[in-house]
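Fold and contact review
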Amino acid sequence: MGADLYATLTVIAAHMDADGHCYPTQASIGRMLGVNRQTANKYVQRLLAYRWRGEPVIVAEKVRGPGGRFDRNVYTVTAASGLAIF
């Protein structure tokens, strides 16, 4: 996985609710990682493609806002990540 993807995973998971859903913006992920938003986006895209034993560690769903435009991503931390809350 590497340090950059693990750091990205833990930053996203820090926003996790009891169901594993996370709502951070890419700008806030970048701030927490100490990188710009574009670099955070690259890390997130690589993390979405990463598989542990054939399973994704996170998945993303695009959510539409008012007017039907894509507004944000909702990330879900999966059991394959080994991370849990509570």
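Structure's up top.
This write-up is about the structure you can find in this document. (Residues numbered from 1 in each chain as written. Predicted model: local features only at pLDDT ≥ 70, side-chain atom pairs only at ≥ 80, totals over all residues. Heavy atoms only, no water.)

1. Remarks on the sheet that holds strand β5 (residues 70-77)
Spatial strand order, β1-β5-β4: 3 strands in an open sheet with antiparallel pairing. Two strands close off the open sheet at either side, each with one partner strand: β1 (21-22) and β4 (58-64). Of the pairings in the sheet, the one linking β4 to β5 comprises 7 bridges and is antiparallel in character. Bridging across to β5, Ile58 finds its partner in Val77. (Pairing = 2+ DSSP bridges. Helix = DSSP H or I, 4+ residues; strand = E, 2+ residues; numbered from the N terminus.)

2. So, helix α3 (residues 37-49)
For α3, spanning 13 residues, the distance from its first C-alpha to its last is 18 Å, which sits close to the expected 18 Å at 1.5 Å a residue. Those residues of α3 not exposed but buried are Ala40, Tyr43, Val44, Leu47 and Leu48. Down the axis of α3, the smallest arc covering the buried residues is 135 degrees, so these residues share one side. In α3, the exposed positions angled more than 90 degrees off the buried face are occupied by Lys42 and Ala49. The secondary structure elements touched by the buried residues of α3 are α1 (3-13), α2 (26-33), β2 (51-52), β4 and β5. The residue sitting at the N-terminus of α3 and contributing the capping side-chain oxygen is Asn36; that oxygen lies 3.1 Å from the backbone nitrogen of Gln38. (Expected span 1.5 Å × (residues − 1). Buried < 20%, exposed > 50% of the residue type's maximum accessible area, 1.4 Å probe, protein only. Arc of directions from axis to C-beta. Contact = heavy atoms within 4.5 Å. Polar contact = N/O pair within 3.5 Å; in protein donor to acceptor, adjacent residues only side chain to side chain.)

3. Focus on the packing of α2 against α3
The interhelical angle for the contact between α2 and α3, taken along N-to-C directions, is 95 degrees, at an axis separation of 8 Å. Judged by the angle between their axes, α2 and α3 are roughly perpendicular. Across from Gln26, Ala27, Ile29, Gly30 and Leu33 in α2, the residues of α3 making contact are Arg37, Ala40, Asn41, Tyr43, Val44 and Gln45. Tallied by class, residues from the contact of α2 with α3 come to 6 nonpolar, 4 polar and 1 charged. (Axes fitted to C-alpha atoms, helices over the stretch in contact; angles between N-to-C directions. Parallel < 35°, antiparallel > 145°, perpendicular 65-115°, else oblique. Nonpolar A, V, L, I, M, F, W, Y, C, P; charged D, E, K, R; others polar.)

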